[in-house]
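Structural characterization, general
The residues making up each chain are set out below.
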Amino acid sequence: MTDSLQTHAIAPALVLRGQGAWPQALPRLVALGQRPFLLGRSASTYGLRQQLLVDLERAGASPVASQGFRDCCDEDLVPLAEHARTAGCDALIAAGGGKVLDAGKLLAHRLGLPCITVPTSAATCAGWTALANVYTPEGAFLGDVALARCPDLLVFDHHLVRQAPARTLASGIADAVAKWYEASVSSGSSGDGLVQQAVQMSRLLRDLLLLEGEAALADPNSEAWVRVAEGCALTAGLIGGIGGARCRTVAAHAVHNGLTQLAATHGQLHGEKVGFGVLVQLWLEEQLAGNRLAAQARRQLLPFFRRLGLPTDLEALGLGGATLEELRQVCRFACREGSDLHHLPFAVAPEDLLAAMVGATADRQQA
């Protein structure tokens, strides 16, 4: 490692977590902005957002609700920014899942406004990070944008998050588990002390999720649920903040990015696609690098993912009827120049990736 300057956006300026975090956050929210722009998307959380608006008004704020948000894409972000400017908004609150949180962070970054994230599930760590994934209006991944800082305030209210479907937590577990399998490959031999610590944190997080993930899903009122949900939504983000750009995603997220190019996968959650990507990455390590530990890890993860109800093959991802050319499209995108997949310590061609994706399907009845 060279003794060079490194820049890290490690964590939100303030994190409020626990049962009742939202009402406790209201005075701090009003201090950050008297006229916040509330960004949300899902019809399933509409009632929740309406209550957030009422709560903000009772706290003395004059919130403005967003309209017409489909995806974290420029086609939506540009008119949303204009709406916020015209309404005279002085802060931005993003309440929802990963794409809402990413869009809120990116809007706040572009508008120069304080950013408040309010995750309504533990499906991703997007409420924490200084990063936003950008998509097409149809939901195909384009790239990511590094932001100047993490949110000014993260409100992780257990009451709000417990209302999300169990599927979102299972997806969050898959996404968070991927931290270890990707960071250990890309950064396991790093001489940077912070990166080393981030990699080891990702291992501890994986162990927690393997031990308590099923118990958390079985009982959302348990202590296991608290540890697992906060691990997925908070700790996973902290790992990325400490590790920075040197603690990278690898093939698992590259596979996710490729899968989003096909509309048939858009009904699957981010972590569901990433979890499949972990299995694909382990297959590549096993078959192309002769890594026996990767084979053992895959045999461990396959039954675990199935018990969580996660997709572990192409059919479960909605691609049972995909053509060979469509699958090749996924692989070409995942293997494109600059893809995180190339952080693997060996070369991977689109044909190799296609074999790995089909190989994961072939293992369906094993383990």
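Scroll up to find the structure.
The text that follows walks through the structure, step by step, so that each part is easy to find. (Residues numbered from 1 in each chain as written. Predicted model: local features only at pLDDT ≥ 70, side-chain atom pairs only at ≥ 80, totals over all residues. Heavy atoms only, no water.)

1. Some points on the nonpolar core
In terms of nonpolar packing, the biggest core is built from 47 residues, with Ala122, Leu169, Ile173, Tyr181, Leu209, Cys232 and Leu301 touching the most fellow members. Those residues within four positions of leucine 169 in sequence are excluded, and the remaining contacts are Ala122, Ala216, Leu217, Trp225, Val228, Ala229 and Cys232. (Core = buried A, V, L, I, M, F, W, Y, C linked by side-chain atoms within 4.5 Å. Buried < 20%, exposed > 50% of the residue type's maximum accessible area, 1.4 Å probe, protein only. Contact = heavy atoms within 4.5 Å.)

2. Points about the packing of helix α6 (residues 166–187) against helix α11 (residues 292–307)
Running from N to C, α6 and α11 point in directions that differ by 170 degrees, and their axes come no closer than 13 Å. Here α11 runs roughly antiparallel to α6, going by the angle between their axes. Across from Ile173, Ala174, Val177 and Tyr181 in α6, the residues of α11 making contact are Ala297, Gln300, Leu301, Phe304 and Phe305. Residue composition of the contact of α6 with α11, by class: eight nonpolar, one polar and no charged. (Axes fitted to C-alpha atoms, helices over the stretch in contact; angles between N-to-C directions. Helix = DSSP H or I, 4+ residues; strand = E, 2+ residues; numbered from the N terminus. Parallel < 35°, antiparallel > 145°, perpendicular 65-115°, else oblique. Nonpolar A, V, L, I, M, F, W, Y, C, P; charged D, E, K, R; others polar.)

3. A word on the packing of aromatic side chains
Note on aromatic pairs: each is described by the distance of the centres and the angle between the planes. In total, this model carries three aromatic pairs according to the counting rule given. Between tyrosine 135 and phenylalanine 141, the aromatic rings sit 5.8 Å apart at their centres with planes inclined by 80 degrees, giving edge-to-face as the arrangement. Per residue, the accessibility class of tyrosine 135 equals that of phenylalanine 141, and both read buried. Seen in terms of ring centroids, phenylalanine 304 and phenylalanine 305 are 6.2 Å apart; in terms of plane orientation they differ by 40 degrees. Their pairing is tilted. Accessibility assignment for this pair places phenylalanine 304 and phenylalanine 305 in one class, buried. Here a set of aromatic residues connected by ring pairs shows up, and it is made of Tyr135, Phe141 and Phe333. The residue whose ring lies beneath lysine 99 is tyrosine 135, and the NZ or CZ to ring-centre distance is 4.0 Å. (Phe/Tyr/Trp six-rings, centres within 6.5 Å; stacked < 30°, edge-to-face > 60°. Lys NZ or Arg CZ within 6 Å of the ring centre and 35° of its normal.)

4. Details of the layout of surface pockets
The computed volume of the second largest pocket comes to approximately 220 Å³. Those elements that provide at least two residues to the lining of the second largest pocket are α6, α10 (270–289) and α11. It is α11 that contributes the most residues to the lining of the second largest pocket, five residues altogether. Taken together, the residues that form the lining of the second largest pocket break down as seven nonpolar, four polar and two charged. (1 Å grid on protein atoms, 1.4 Å probe; cavity = no way out; pocket = protein on both sides within 12 Å on 5 of 7 lines; lining within 4 Å. Points joined across faces, edges and corners; volume = space filled by probe spheres on them.)

5. Overview of α11
Since one α-helical turn is 3.6 residues long, residues separated by three or four positions face the same way. With 16 residues, α11 should reach 22 Å at 1.5 Å per residue; the first-to-last C-alpha distance of 24 Å fits that figure. Residues of α11 that are buried: Ala294, Ala295, Ala297, Arg298, Leu301, Leu302, Pro303, Phe304 and Phe305. Close packing links the buried residues of α11 with α6, α7 (193–218) and α10. Where α11 starts, the residue carrying a side-chain oxygen 2.9 Å from the main-chain nitrogen of leucine 293 turns out to be asparagine 291. With its phi angle positive at about 80 degrees, glycine 309 sits one or two positions after the end of α11. (Expected span 1.5 Å × (residues − 1). Polar contact = N/O pair within 3.5 Å; in protein donor to acceptor, adjacent residues only side chain to side chain.)

Everything listed is a geometric property; what it means functionally is a separate question.
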